[in-house]
Structures are given as structure tokens and as C-alpha cells.
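Commentary on secondary and tertiary structure
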Amino acid sequence: MCLATATRNGCPSARYMLCKEYGKEGFKFFTNYGSNKAQDMEENPYVAATFYWVALNRSVRIEGYVEKLSEEESTKYFQERPIPNQISAASSCQSTPIESRDILRERESVLEKEYLKPGKKVPKPNFWGGYIIRPTSFEFWQGQTNRLHDRIKFRRLQECEVPDGKLLHQGEDGWVYERLQP
């Protein structure tokens, strides 16, 4: 997914991330808490994420806010990752400058010597963990060759709104939906 964040002052930034899990509660991903994206989310919890499927000419856009996952859930997922991925996460101070790739490889080598042994577990670093995006809106987009794309937006019903069945339709669980012009 492409995750977009913004600083407290509204400066945007976007990057591709692995969406590890999704469900009714939201969309989960994991990262370094010292990264630029984590710093943005600390200052401003509102985010957007987009999934795009070129072959299908479709996308889903999600807007919402993030919350940190529990330490227990972050540790559980960290321990499920392949050991080389755990070592890479523990080796990197993500988003900070480094003099050379050799320094990063040396950090990785030190951890490999320590943890690539039977029965050894790589401890989850304190600076690494997960987030969940709690969605406030979804937009489903289907591209058309004539550029009259289909756009359907699902969002939470606002106070004083009443679905009319023409422009605003009642969904389930407090959600409403509407067709948007391309």
C-alpha cells in the first residue's frame, strides 16, 4: 500500500509499505518508531493509504487515523518474521543518514553472529512496532477507457445527515455511501 502521512504543519510524505493484516478494525502495518513516517504520525495521526491494481485498473483509497498496536501484538508479529528480517529491522536506525552501506552490513553481521544459532531469538527492538489505521472513509475507483471512471465513497454518517437514497445511501454499521463524479 502507499501510505501518506503529514507533519504537524501539513507537509505531506508518501511511501510504499507492506500492509500486513486487515479486518473490520482496520489495516495493520509495522515499522521503526524512529522513522520519518512514525515521527509524522506522532505529530499528526491522520493518514491516507492507497492500494492500486494496475492489471484490474482499480484502486481503493482509505483515509483515517492511526493508533499504535500493543507491545504484545508487535512482539508476536516480530517473532513470526524470518530471522534475517528481524536482524535487518534491529540493524537499522531507519530514515537517519549513514556514512556507507558497509557500516549497515557490519551491524547486520554482528547480529547474525549472535542470533543465527539454534535456539536463539532476536529480541524485538524497543524502536520497532505496529500501527493500525482506523478508517473514516473508503473510496473504490474503477478506471474506464472513456475516463468516466466509477467512484464510490463509503464514510461514516455525519450528525444531522439523513440518507436520502438518491445521493446518500445507507450502508451497514453506521456507514453511508455515495457516487462521486470522476
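Residues numbered from 1 in each chain as written. Predicted model: local features only at pLDDT ≥ 70, side-chain atom pairs only at ≥ 80, totals over all residues. Heavy atoms only, no water.

Just so we agree on the cut-off: UniProt positions are given in the numbering used here, feature names are shortened, and annotations may be inferred rather than shown by experiment.
With an unreviewed UniProt entry as reference, the protein is termed pyridoxal 5'-phosphate synthase, source organism Danaus plexippus plexippus. UniProt, in its Sequence similarities (unreviewed entry) section for the protein, records the words "Belongs to the pyridoxamine 5'-phosphate oxidase family." The record in UniProt for the protein states the following under Cofactor (unreviewed entry): "FMN".

**A look at the pattern of salt bridges**
Note the threshold: One speaks of a salt bridge when a side-chain nitrogen belonging to Lys or Arg is within 4 Å of a carboxyl oxygen belonging to Asp or Glu. Only runs of H or I of at least four residues qualify as helices and only runs of E of at least two qualify as strands under DSSP, and these elements are numbered from the N terminus. Here the term buried applies to any residue with accessible area under 20% of the maximum for its type, exposed to any over 50%, and partly exposed to those in between, with areas from a 1.4 Å probe on protein chains only.
A full pass over the atoms with the stated rule returns 13 salt bridges. Notably, a salt bridge pairs Lys 24 with Asp 173, separated by 3.0 Å at the nearest N-O pair. Taken together, the residues span a long stretch of sequence, with Lys 24 in the loop between strand S3 (21–23) and strand S4 (26–32) and Asp 173 in the loop between strand S9 (169–170) and strand S10 (175–180) at a distance of 149 residues. Here Asp 173 falls in the exposed class, since its relative accessible area comes to 51%. Arg 105 is paired through a salt bridge with Glu 108; the nearest N and O atoms lie 1.8 Å apart. One end of the pair is Arg 105 and the other is Glu 108, both in helix H4 (residues 101–115) and three residues apart, which spans about a single turn. Taking the relative accessible area as the measure of exposure, Glu 108 reaches 16% and is therefore buried. Overlapping salt bridges, with partners in common, bring together Arg 61, Glu 63, Glu 139 and Arg 151 in one network.

**Structural notes on the packing of helix H3 (residues 83–91) against H4**
Rule in force here: What counts as an axis is a line fitted to C-alpha atoms, over the stretch in contact for a helix, and the angles between N-to-C directions run from 0 to 180 degrees. For this classification, under 35 degrees means roughly parallel, over 145 means roughly antiparallel, 65 to 115 means roughly perpendicular, and everything else is oblique. What makes a crossing left-handed is the near helix being turned counterclockwise from the far one by less than a right angle; a clockwise turn instead makes it right-handed. Throughout, a residue-residue contact means that at least one pair of heavy atoms, one from each residue, lies within 4.5 Å. Polar here means any residue other than Ala, Val, Leu, Ile, Met, Phe, Trp, Tyr, Cys and Pro, which are nonpolar, and Asp, Glu, Lys and Arg, which are charged; Gly is therefore polar.
In contact at an axis separation of 9 Å, H3 and H4 are set at 130° when each is read in the N-to-C sense. Relative to H4, H3 is oriented oblique. For the element pair H3 and H4, the recorded crossing hand is right-handed. Contacts between H3 and H4 involve Ile 87, Ser 88, Ala 90 and Ser 91 on the former and, on the latter, Leu 104, Arg 107, Glu 108, Leu 111 and Glu 112. Its residues assigned to classes, the contact of H3 with H4 shows four nonpolar, two polar and three charged.

**Structural notes on the pairing of S10**
Cut-off, in case you're wondering: Being paired, for any two strands, means DSSP has found at least two bridges between them.
Pairing geometry for strand S8 (residues 150–156) and S10, over six bridges, is antiparallel. If you follow Lys 153 over to S10, its bridge partner there is Glu 178. In this antiparallel pair of consecutive strands, S9 and S10, the connection spans four residues, and Asp 173 shows a positive phi of 55°.

**Let's talk about the packing of aromatic side chains**
To keep things clear, this is the line we draw: Any Phe, Tyr or Trp ring, taking Trp's six-membered ring, that has another such ring centre within 6.5 Å forms a pair; planes under 30 degrees apart are called stacked, those over 60 apart edge-to-face, and the others tilted. The criterion is that NZ of a Lys, or CZ of an Arg, lies within 6 Å of the ring centre and within 35 degrees of the ring normal, and then a charge sits over that ring.
Counted under the stated rule, the structure contains 14 aromatic pairs. Arranged with centres 5.7 Å apart and planes meeting at 90°, the rings of Tyr 33 and Tyr 131 form a pair that is edge-to-face. Residue Tyr 33 is located in the loop between S4 and helix H1 (36–43), and its partner Tyr 131 is located in strand S7 (residues 128–142); the two are separated by 98 residues in the primary sequence. Taking relative accessible area as the criterion, Tyr 33 reaches 19% and is therefore assigned buried. These aromatic residues form a ring-pair network of at least three members: Tyr 22, Phe 27, Phe 51, Trp 53, Phe 138, Phe 140, Phe 154, Trp 175 and Tyr 177. Above the ring of Tyr 33, the side-chain terminus of Lys 68 is found at 4.0 Å from the ring centroid.

**Quick look at the side chain of Lys 28**
Positionally, Lys 28 belongs in strand S4. Assessed through its relative accessible area of 11%, Lys 28 is described here as buried. The residues contacting Lys 28, other than those within four sequence positions of it, are Leu 18, Cys 19, Lys 20, Glu 21, Leu 69, Glu 73, Tyr 131 and Ile 132.

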